[in-house]
Structure formats: structure tokens, C-alpha cells
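# Working through the structure, step by step
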Amino acid sequence: METLEQIKARIEAALPGAGLRLIPNDSPANQPSLLVDNAHAVAVASFLREDAQLQLDYASNVTGIDWPESVRKEKVKVKKVIDGVEKEVEELIEKKRPGFLEAVYHLYSMTLKQGPVILRLRTENRSDKAHLPSLTAVWRGAELQEREIYDLFGIVFDQHPDLRRILMWDGFQDHPMRKDYVEPDDYEYEPTPHDKVLEKAKRHYASEANR
Amino acid sequence: MDEGLRSELSKQGIFTITLEGLYNWGRRSSVWPLNFGLACCAIEMISASMARFDLARFGAEVFRPTPRQADLMIVAGTVTKKMAPQVVRLYNQMPEPKYVIAMGACAISGGPFKQGYNVLKGIDRYLPVDVHIPGCPPRPEALIHALMTLQHKIDGQRLAGPDRPRHLRAEAPSEFVIPRFGAHDLEPPQHPDVWQPPAVIRGES
């Protein structure tokens, strides 16, 4: 199969204006992924599905990722004058990155027996603009998985045919897979609490009502 | 009746039994379970009812698909918070006398999912459980042992007196509160008449 760079170049040729970014993966798996801008997401998805060399007709897995606001360290090359000589020095600078939510699509081709190609979509933020275009129109099998992401991460998929909660009940208000999810104080009893359960126990017994 | 006299009479072909004994013998020999499973424990339950382990030896092979005909609810598997109201509702629809066996780590305590956001920490928060079976999942022998334990329990029940079982006491509840779906958790998180968290006695140190 083509490399992701080649695929990216072909998408850019076919769909001018599509914002694509290659996200490398440094882990041993070495599976880079393609970040697509929301406006062109459906067009890019249809291209990947229809293209004769790719024919990615199967979305095997759709999942969500929560990226809370974080401080990232970046290495930047800065020119500095040291002892009268101008030198290039690497400096670590800290950058604040606003939080966002991500949906990740793993795509395979059943016809050509190849894959995966990994697509990422990002929301603007984690609160009021957590919207993404739904790709259910392209891959029918994404419907339930997008509902699951909506349920557990709170990403609203626009143009989804039936966006309801799927695992939790309708009146449930939280999104449990988000990193800042606060679970209800349902601690009752543990003979030997430790680690996270110990923290939970301390929080539980700290409130007067539970003493 | 004197045990020696009963033995002597049986040698003459006269069998005697108390009404209580007959009543309990009849009930314990035809405990019909409700036909429902929630997770992998159900596979072991099915296995226990098939030829190799043969639950029919104990009169409990007739799995009823309707709660109206069932005597025993085997809670076989993880009870999620979304499923809990339906489980309690099924129990409420069963006629008295009725029993509950909580099968497996999840049904008795939440098991490996105990501190999760979606799993009930044991069905005994809402239902009066007669026999708990630990295991993940318990082997069919364990389920058979639980059924035999339940049979012993039924055998020991009195028809009259202050310690008679729940179905013979008019004032005792036959139905239990069905939890409602709340904004963050089930409401109430447990039924206080059925279950209270055990008191933790902590040392001074």
C-alpha cells in the first residue's frame, strides 16, 4: 500500500484546499495518522472510499480521545550571541495547548485487503464547540461507534442520523471517558483501600454526612 | 415424631412425614429458575443445566422464560446500572416464594468492574440475595452447590412461628424499590432496607 505521505499528496491534488496534517507516531507501532480539517472531512472520507487504489470500504474502529488543556515542551533553535560569537542554541520552551477532543477512524479495505489508514478529526474545544461532521454517510458501520463517542466523550456529530446515548441512559449528564469526569461519591466500603480507592475513601469520609 | 418410631413404621410400609417436611420437600425439589443471563456467568449456568452437570437431578432444570412461573432468579453476570432496574422489575414480577442466587464476582460485588462508572456494586443493593457464589465465573459445580445450599435453606424453613419465611408473613414486602435513572447515578444507590454498607472499625493508629 502507498505510504501516508503519498496518500496525503494525492488527496491534496484531488481536493485542493483540504487541510491535512500528518501526525507521526514515535512508538514501536509507527502508525502515522492523518489529521483532517472538519470542513473537508466528508469529502476526504469519500475520496478514501471511492479511490481505486485505496478502496477503504471498512471503518473497523472509531474511537475518541480526550486531550485536556496541557503544557507542552518544545525544542526551538534560537540564535544567540555567546562570547561575541553568534551561535545556534536549542532551547526548551513551554507552550500552552488548549484542550480539544478527537475522533479517530481506523480504515481498512476489504476489497484490496490493505490498511489501516488512520484518520483524525479534532473539535475546536472541549465545551461548547465540540462538534464534528459525522462520517456515517460514508461508512454505515460508524453509526453506533459515533453514538458511543457522543455518549462517553460528548462529541456532537453533526448530520448523524440518530445521535442518542447508547451505553448510558438518556438522563445521564456526564461523559465518563473524559479525563475530568468526576464520578459520584458512591464509595461504600473496602477492607483495604489503596491508591485511587484510598483517595476516594478519604474524600468520602471527609464530608461530615458520611462519618 | 420420634425418629426411631418413624424408622420402625417405615419398615412396616408406613411412611410418615410432617406437613412442613412435605411442603418444604415439594418446594425444594422443584425450584424453577428464571431463564436469563447477563454476562459470561450465564454460559456456566447453561452448562450446569445441560447433560454433563445435569441440574435436573435437583429438580431445577425447568428454566422458565417468564418471571410469573419462576421461583429462583439466578443473577448470572455483571449487572450494569442501566440493567439494574429491569432486574429488580423482573424480581418483583415473580410470585412468592422466590429466591435469588447471585452468581459470580460481578453479581455479588461488581467484581473487576467495581469502581467503574457503569456497574452496580452487587445486586444485593436492591434484592435480598439468598446465596452468593464467588468465582469469575464460578464453575457449574459451584452453581450446583449454591442450589443445594438453597435447598438446605428451604428445608429448614418453618411454616409457623416468628422465624417463618418472608412469603408466609403478610406484612413482609414482596416487591422491592426499582431504582430510577438519575443524572449521575442510580437513585437511590442502594435500598437501605435490604443492604447497608458494613461498618468499618478502624484502629487508633
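See above for the structure.
All of these numbers come straight from a predicted model, not from anything done at the bench.

Conventions and cut-offs
Residues numbered from 1 in each chain as written. Chains lettered and ligands numbered in written order. Predicted model: local features only at pLDDT ≥ 70, side-chain atom pairs only at ≥ 80, totals over all residues. Helix = DSSP H or I, 4+ residues; strand = E, 2+ residues; numbered from the N terminus. Rg over C-alpha atoms; globule rule 2.2 N^0.38 Å. Buried ≥ 20, exposed ≤ 12 C-beta atoms within 10 Å, placed from the backbone. Contact = placed C-beta atoms within 7 Å. Core = buried A, V, L, I, M, F, W, Y, C linked by C-beta atoms within 7 Å. Pairing = 2+ DSSP bridges. Axes fitted to C-alpha atoms, helices over the stretch in contact; angles between N-to-C directions. Right-handed = clockwise from strand over helix to strand, strands pointing away.

### Re the overall build of chain A
The helix and strand tally for chain A stands at four helices and nine strands. Helices (α) and strands (β) of chain A occur, in sequence order from the N terminus, as α-β-β-α-β-β-β-β-β-β-α-β-α. The C-alpha radius of gyration computed for chain A amounts to 22 Å, which surpasses the reference 17 Å derived for 211 residues by more than 25%, pointing to a less compact arrangement than a globule. With respect to the principal axes defined by its C-alpha atoms, chain A has extents near 65 × 65 × 35 Å. Among the 211 residues that make up chain A, the fraction classed as buried is 22%. Across chain A, every contact between residues at least 6 apart in sequence was considered, and the portion connecting residues at least 24 apart equals 55%.

### Remarks on the nonpolar core
Judged by nonpolar contacts, the single largest core of 44 residues is most densely connected at B:Val75, B:Ile101, B:Ala102, B:Met103, B:Ala107 and B:Ile123. Mapped by element, the contributors of at least two residues to this core are α3 (41-49), β1 (72-76), α4 (84-93), β2 (99-103), α5 (104-109), β3 (131-133) and α6 (140-155) of chain B. Excluding residues within four positions of it along the chain, B:Val75 makes contact with B:Leu38, B:Val87, B:Val100, B:Ala102, B:Met103, B:Ala107 and B:Ile123. Judged by nonpolar contacts, the second largest core, of 30 residues, contains A:Leu48, A:Leu56, A:Tyr105 and A:Phe153.

### Observations concerning the sheet that holds strand β2 (residues 33-36) of chain A
All names here are of chain A. Judged by pairing direction, the sheet is mixed, and its five strands sit side by side in the order β1-β2-β7-β6-β3 without closing on themselves. At either margin of the open sheet sits one strand with a lone partner, and together these are β1 (20-23) and β3 (58-67). Between one strand axis and the next, the sheet turns by 25 degrees as a mean value, whatever way the strands run. Alignment of β3 against strand β6 (residues 100-109), held across nine bridges, turns out to be antiparallel. Its bridge partner being in β6, Tyr58 is matched across the sheet by Tyr108.

### Some points on the sheet that holds β1(B)
All names here are of chain B. The strand order across the open sheet formed by three strands is β1-β2-β3, and the pairing between neighbours is parallel. The two strands at the open ends of the sheet, each matched to only one other strand, are β1 and β3. Looking at each pair of strands side by side, their axes are set apart by 15 degrees on average, direction ignored. The pairing of β2 with β3 spans three bridges and is parallel. What sits directly across from Ile101, in β3, is Val131. Running over the sheet, α6 touches β2 and β3 and is turned about 165 degrees from β3.

### Remarks on the pairing of β2(B)
Residue and element names in this part refer to chain B. For β2, a buried count of five out of five residues is recorded, marking the element as mostly surrounded by other parts of the structure. In β2, alternate side chains face the same way, and those of Tyr99, Ile101 and Met103 on one face and Val100 and Ala102 on the other are all buried. For β1 and β2, the ladder comprises five bridges, and the chain directions are parallel. Residue Met73 lies in a different strand from β2, and its bridge partner there is Val100. In this fold, the crossover linking β1 to β2 by way of α4 has right-handed handedness. Crossover β2 to β3 through α5 is right-handed.

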